[in-house]
Amino acid sequence: MSAAGDVEELVVVVEAVDRLLADRLDIREPEKFGQRLADVLVGHHSVSMQLTDSVGQLVFSSGFPDLPSLVPASDGQPVIEEWESGGKHYRVMTRSLVRGGATYQLAVAVPIDHQLHFLAEFRFSLVVMIVSGIVLMSALGHVAVRKGHAPLRKIVERMRQIGADELRLRVDNSEVPRELQDLVASFNGLLGRVDGAIQRLQDFNADIAHEFRTPIANLMTQTEVCLSRARTPEEYREALYSSFEEYERMAQMVSDMLFLAKADFGPREHDLESVQLTEEIESLVEYYEGWAADRGVALEWVGSATVEVDRRMIRRSLSNLIANAVKCSVEGGVVRIKVKEARPGWVEISVENTGEDIPAEYANRVFDRFFRLPGRDSSEDRGKGLGLSIVKAVATAYRGDVSVHSKDGLTCFTLSLPVSTSVGGGA
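Residues numbered from 1 in each chain as written. Predicted model: local features only at pLDDT ≥ 70, side-chain atom pairs only at ≥ 80, totals over all residues. Heavy atoms only, no water.

Notes on the overall build of the protein chain
Consideration 1: What the protein chain contains, in helices and strands, is 10 helices and 12 strands.
Consideration 2: Counting all 427 residues of the protein chain, 37% fall into the buried class.
Consideration 3: Counted over contacts in the protein chain with a minimum sequence separation of 6, partners at least 24 positions apart contribute 62%.
Consideration 4: Split by element, the accessible area of the protein chain, about 25,700 Å² in all, is 55% carbon and sulfur. (Helix = DSSP H or I, 4+ residues; strand = E, 2+ residues; numbered from the N terminus. Buried < 20%, exposed > 50% of the residue type's maximum accessible area, 1.4 Å probe, protein only. Contact = heavy atoms within 4.5 Å. Areas by Shrake-Rupley, 256 points an atom, 1.4 Å probe, with all protein chains shown as cover.)

Thoughts on a nonpolar patch on the surface
Consideration 1: On the surface, a cluster of nonpolar side chains totalling about 660 Å² of accessible area is made up of L116, F118, L119, F122, L126, I130 and I134.
Consideration 2: Judged by its relative accessible area of 38%, L126 is partly exposed. (Patch = residues over 30% accessible without salt bridge, like charges linked within 9 Å, V, L, I, M, F, W, Y side chains within 5 Å. Salt bridge = Lys/Arg side-chain N within 4 Å of Asp/Glu carboxyl O.)

Section: the environment of G34
Consideration 1: On the secondary structure map, G34 appears in helix α2 (residues 30-40).
Consideration 2: With relative accessibility at 15%, the residue G34 sits in the buried group.
Consideration 3: Remark: the alpha-carbon pair of G34 and S61, spanning 27 residues in sequence, is separated by 8.7 Å.

So, the packing of aromatic side chains
Consideration 1: Under the criterion given, the structure shown has 4 aromatic pairs.
Consideration 2: Here the aromatic rings of F118 and F122 are separated by 6.4 Å at their centres, their planes lie at 20°, and the arrangement is stacked. Within this pair, F118 and its partner F122 are both found in helix α3 (residues 113-148), separated by 4 residues, close to a single helical turn.
Consideration 3: Look at F118 and you get exposed, because its relative accessible area is 53%.
Consideration 4: The exposure class assigned to F122 is partly exposed, which follows from its relative accessible area of 46%.
Consideration 5: Seen in terms of ring centroids, Y287 and Y288 are 5.0 Å apart; in terms of plane orientation they differ by 85°. Their pairing is edge-to-face.
Consideration 6: For Y287, a relative accessible area of 64% translates into the label exposed.
Consideration 7: An aromatic cluster is present here, built from Y287, Y288 and W291 joined pairwise through their rings.
Consideration 8: Over the ring of W346 we find R343; its NZ or CZ atom is 4.5 Å from the centre of that ring. (Phe/Tyr/Trp six-rings, centres within 6.5 Å; stacked < 30°, edge-to-face > 60°. Lys NZ or Arg CZ within 6 Å of the ring centre and 35° of its normal.)

Re the sheet that holds strand β10 (residues 346-354)
Consideration 1: Strand order in the open sheet formed by 5 strands is β7-β9-β10-β12-β11, and the pairing between neighbours is mixed. Each edge of the sheet is formed by a strand with only one pairing partner; in this case those strands are β7 (298-302) and β11 (401-407). The mean inter-strand angle of the sheet, taken between neighbouring strand axes irrespective of direction, is 15°.
Consideration 2: Of the pairings in the sheet, the one linking β11 to strand β12 (residues 410-418) comprises 7 bridges and is antiparallel in character. Bridge pairing in β12 links S403 to T414.
Consideration 3: Helix α7 (residues 277-294) rests against β7, β9 (334-343) and β10 of the sheet, and its axis sits at about 175° to β7.
Consideration 4: Contacting β7, β9, β10 and β12, helix α8 (residues 311-328) runs over the sheet at an angle of about 20° to β10. (Pairing = 2+ DSSP bridges. Axes fitted to C-alpha atoms, helices over the stretch in contact; angles between N-to-C directions.)

Details of the pairing of strand β3 (residues 79-85)
Consideration 1: As defined by bridge partners, β3 adjoins strand β4 (residues 88-99) across 7 bridges and the pair is classed as antiparallel. Bridge pairing in β4 links I80 to M93.
Consideration 2: Linking two consecutive strands that pair antiparallel, namely β3 and β4, is a turn of 2 residues; a positive phi of about 60° is found at G86 within it.

Quick look at the sheet that holds β4
Consideration 1: One open sheet holds the 5 strands; their spatial order is β2-β1-β5-β4-β3, and the pairing between them is antiparallel. Each edge of the sheet is formed by a strand with only one pairing partner; in this case those strands are β2 (58-62) and β3. Averaged over all adjacent pairs, the angle separating strand axes in this sheet is 20°, with direction ignored.
Consideration 2: Relative to strand β5 (residues 102-111), β4 runs antiparallel, the two sharing 10 bridges. Looking at β5, one finds that Y90 is bridged to P111.
Consideration 3: Across the sheet, helix α1 (residues 3-22) lies against β1 (48-52), β3, β4 and β5, angled at about 30° from β4, the strand it touches most.
Consideration 4: Together, β4 and β5 form the strand contacts of α3, whose direction differs from that of β4 by roughly 140°.

See below:
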């Protein structure tokens with residue numbers, strides 16, 4: 001029974017005794033009076049009762065526990081308390097009853113040990129359930145997290161297998177959850193870019209070694225020939241001049257490679273300035289005019305535009321395009337330079353020359369570093385294979401583009417650049 005049930009039962013007993021006293025039963029007949037009080041407890045097997053008069057004289061008692069400190073009630077209002085006696089616990093209700101000018105103190109008690117025992121067991125069970133729930137949820141959470149992270153651990157393990165010598169390996173995107181597919185795709189893309197960069201670096205290093213091997217071999221041969229026997233001053237002078245040409249060629253190659261490295265990092269903000277292309281082209285035309293005249297090539301240019309670039313980079317690109325056009329033009333040919341606004345925010349610079357066509361299969365390779373068209377390496381003014389690579393690097397640095405179109409004896413290189421770095425995406 002609950003605490004509310006105990007109180008309700010005690011109230012029933014108290015009201016029954018109150019009605020009994022109201023019937024003016026003669027208390028001087030103890031046996032009859034006691035029997036009537038005992039009858040009140042019929043049906044209330046666990047309830048005990050004690051009735052005392054105004055001087056504390058016991059009138060009736062039915063198994064009531066010894067509670068010496070029981071507080072008497074007053075003003076007819078019941079008092080409910082919990083007591084412990086002899087190792088047992090009780091809920092006790094006391095009430096003052098006034099009948100026939102006499103005052104009685106009624107105390108009714110019900111044991112509550114079974115309730116306390118039930119509550120103790122309930123608290124213990126609740127604690128066990130809570131602790132068990134926490135342990136179970138922790139275990140289930142650990143299993144769920146471990147199972148949920150299994151694809152991620154597979155990805156990590158796969159990533160650990162990828163080294164500098166195994167960059168062609170990829171993480172299988174079909175074996176991972178949808179939530180991780182973007183991550184895997186980005187990682188595979190990164191590996192592709194790194195692999196491509198390392199491959200280009202390896203090719204670049206191989207090309208550098210190949211390009212430097214020839215002038216170094218020439219220098220060693222010339223020096224060995226000179227030292228094989230005594231030479232006249234004129235012969236030594238001729239050998240030194242030949243060596244100087246090789247040194248000059250290597251120095252220019254080193255300069256071009258350093259420029260390429262700078263272009264790969266993109267333009268720096270403090271190097272950007274507004275450049276009038278008309279002034280740069282006019283200056284370059286004046287510079288190459290004498291060489292072009294010696295080859296029987298005319299230079300023409302038209303158009304104007306202003307771009308926000310590094311002046312040294314754009315000048316180097318235009319210089320390489322004009323020099324390449326003059327070198328590849330036939331005698332009596334014309335090199336035409338045109339500047340125009342192709343679309344809002346973009347400038348297009350085209351350099352066209354008359355001469356031998358570039359085969360279609362080599363149209364995309366002419367911008368590769370150290371690439372030379374087959375059959376043209378024997379010319380006396382053959383290039384180092386870096387000029388067009390520099391143009392491509394500068395265009396890429398500004399988020400621009402460079403292309404070539406060659407047909408019917410006309411070859412045109414077109415360089416597209418944003419008017420400002422914000423148009424091209426910045427560097």
